[in-house]
Amino acid sequence: MGKIIAVTNQKGGVGKTTTAVNAAAGVAMLGYKVLLIDIDPQGNATSGVGIDKRSVKHSAYSIMIENVKAEQTVMETEYSNLSIIPSSIDLAAAEIELVDLEHRESKLKNSLALIKGKYDYIFIDCPPSLGLITTNAFCAADTLLVPIQPEYYALEGLSQLMNSVRKIKRRYNQYLDIEGVLLTMYDGRLNLTQQVVQEVKKFFPRKVFATVIPRTVRLSEAPSFGMPIMYFDKSNKGSKAYVELSKELTENNRRG
């Protein structure tokens, strides 16, 4: 059965979609069968793996609102072992439309149950908010991968996220756990970075990935070419970091 990992942080600009795309592509490169699900209305993960959003017939919206089967929404990417359930602009309305539906928090979970066994890993790129769409991801997920930028406000966002996780565990998904916290846009020369890292490790003992993602221009350039970083520039330090993260994540799961 596939492990479902939601990549989440309600704070924008921390490398969430970059992490979802490159972790999914990196794990797929290791030979695992991977599905990436884009439930962010901005659809950056969709375009980040080379899918033209205008060509999308069925999307994550179709699953949650129109009761389309998940298998009908899966699209193949040109990258080895990597498929995607794309986003669409309609997802922006889903937050409101879900309110009136029965079992609105488990629409995604129920749909994915039918295809979960076909994949080794399923990564969900969540919106940068904690509304009903993200709640669907948390209900469906086994674990959360939390990218954070080591800056002053990072810990404030983490405590808000953990409050939401506690509520979801209490009401809908008692098994939800933290896969790991990933430090992104990392610059070890800054004193503030070191201070935040120490605080995060106190907050999440044994849950902070050893791999850190450095700040690099190539990581922000790759999506405009519709390519994960390891296909765009495999010699780049950001590419090497995401390959290391993929190895660390899969090794942790083999041990677990």
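Note: the structure precedes this text.
Residues numbered from 1 in each chain as written. Predicted model: local features only at pLDDT ≥ 70, side-chain atom pairs only at ≥ 80, totals over all residues. Heavy atoms only, no water.

> Pulling in residues and values, what's your account of the pattern of salt bridges?
Applying the stated rule across the entire model yields ten salt bridges. Between aspartate 40 and lysine 16 there is a salt bridge, with its nearest N and O atoms 3.5 Å apart. With aspartate 40 in the loop between strand 2 (34–38) and helix 2 (44–48) and lysine 16 in helix 1 (residues 16–29), this residue pair connects regions lying 24 residues apart in the sequence. Each member of the pair, aspartate 40 as well as lysine 16, carries the same accessibility label: buried. Lysine 116 is the partner of aspartate 142 in a salt bridge, and the nearest nitrogen-oxygen pair spans 3.6 Å. Here aspartate 142, found in the loop between helix 6 (132–140) and strand 6 (143–148), pairs with lysine 116, found in the loop between helix 5 (107–112) and strand 5 (121–125); they are 26 residues apart in sequence, far enough to count as distant. Salt bridges sharing partners connect three or more residues here, namely Lys16, Asp40 and Asp125. (Salt bridge = Lys/Arg side-chain N within 4 Å of Asp/Glu carboxyl O. Helix = DSSP H or I, 4+ residues; strand = E, 2+ residues; numbered from the N terminus. Buried < 20%, exposed > 50% of the residue type's maximum accessible area, 1.4 Å probe, protein only.)

> Describe the pairing of strand 5, listing the residues and the values that go with them.
The two faces of the sheet receive side chains in turn, since in a regular strand these alternate between them. In terms of burial, strand 5 is a largely internal element, five of the five residues being buried. Of the two faces of strand 5, the one carrying Tyr121, Phe123 and Asp125 and the one carrying Ile122 and Ile124 are both buried. Pairing between strand 1 (residues 3–7) and strand 5: five bridges, direction parallel. Paired with isoleucine 5 across the strands is phenylalanine 123, a residue of strand 5. Of the strand pairs in this sheet, strand 2 and strand 5 are connected by five bridges, and their pairing is parallel. Its bridge partner lying in strand 5, valine 34 is registered against tyrosine 121. (Pairing = 2+ DSSP bridges.)

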